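These are the residues of each chain, in order.
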Amino acid sequence: QVQLVESGGGLVQAGGSLRLSCAASGRTISSYTMGWFRQASGKEREFVAGIRWTGGIIYHADSAKGRFTISRDNAKNTVYLQMDSLTPEDTAVYYCAARYYGDPVAAKSLYPYWGQGTQVTVSS
């Protein structure tokens, strides 16, 4: 089982940037497709971005395209989510997720491994 711990969340003003990190342990992430999801208060958890275990296939949700960038550093066993041009609508708990040798699909049910989440709050 791979364990995931998110970090890098915080309070930022609209238009600002944050870089979230997801540190994995128990397994190396080189064979895992990684994803970022978020869940705003009272809302359903939604897909933000995903990157295939090969690193060659990357998907971003429409809300994230042009603003968010997912990347991975297998040597550091870490996945990142660079978030720019943040708006209050980006306020949510952001979760890191992993699936073994899978595609970076948007369905959260296909990711067996999850972190505890990190809070991102964007003020207007």
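Note that the structure is predicted; figures quoted are calculated from it, not measured. (Residues numbered from 1 in each chain as written. Predicted model: local features only at pLDDT ≥ 70, side-chain atom pairs only at ≥ 80, totals over all residues. Heavy atoms only, no water.)

**Q** So what exactly am I meant to see when it comes to the state of the cysteines here?
**A** Here a disulfide denotes a covalent bond joining the sulfur atom of one cysteine to the sulfur atom of another. Applying the stated rule across the entire model yields one disulfide. The disulfide that involves Cys22 links it to Cys96, with 2.0 Å between the sulfurs. Disulfide Cys22-Cys96: the torsion about the S-S bond is -80 degrees, which places it as left-handed. Of the two residues, Cys22 is situated in strand β3 (residues 18–25) and Cys96 in strand β9 (residues 92–100); the sequence distance between them amounts to 74 residues. Each member of the pair, Cys22 as well as Cys96, carries the same accessibility label: buried. (Disulfide = S-S within 2.5 Å. Helix = DSSP H or I, 4+ residues; strand = E, 2+ residues; numbered from the N terminus. Buried < 20%, exposed > 50% of the residue type's maximum accessible area, 1.4 Å probe, protein only.)

**Q** Would you take a moment to explain the packing of aromatic side chains for this structure?
**A** One pair of aromatic rings is described through two measures. These are the centre distance and the angle between the planes. What the rule picks out here adds up to nine aromatic pairs. For the ring pair Tyr32 and Tyr113, a centre distance of 6.1 Å and an interplane angle of 70 degrees mean the geometry is edge-to-face. In this pair, Tyr32 sits in strand β4 (residues 32–39) while Tyr113 sits in strand β10 (residues 113–114), placing the two residues 81 residues apart along the sequence. When its relative accessible area of 22% is taken as the criterion, Tyr113 is described as partly exposed. Plain terms: the ring middles of Phe37 and Tyr111 are 5.2 Å apart, the flat faces sit at 75 degrees to each other, and that makes the pair edge-to-face. With Phe37 in strand β4 and Tyr111 in the loop between β9 and β10, the pair connects residues that are 74 residues apart, well separated along the chain. On the accessibility criterion, Phe37 (0% relative accessible area) is buried. (Phe/Tyr/Trp six-rings, centres within 6.5 Å; stacked < 30°, edge-to-face > 60°.)

Such coordinate-based values are descriptive only and should not be taken to indicate function.
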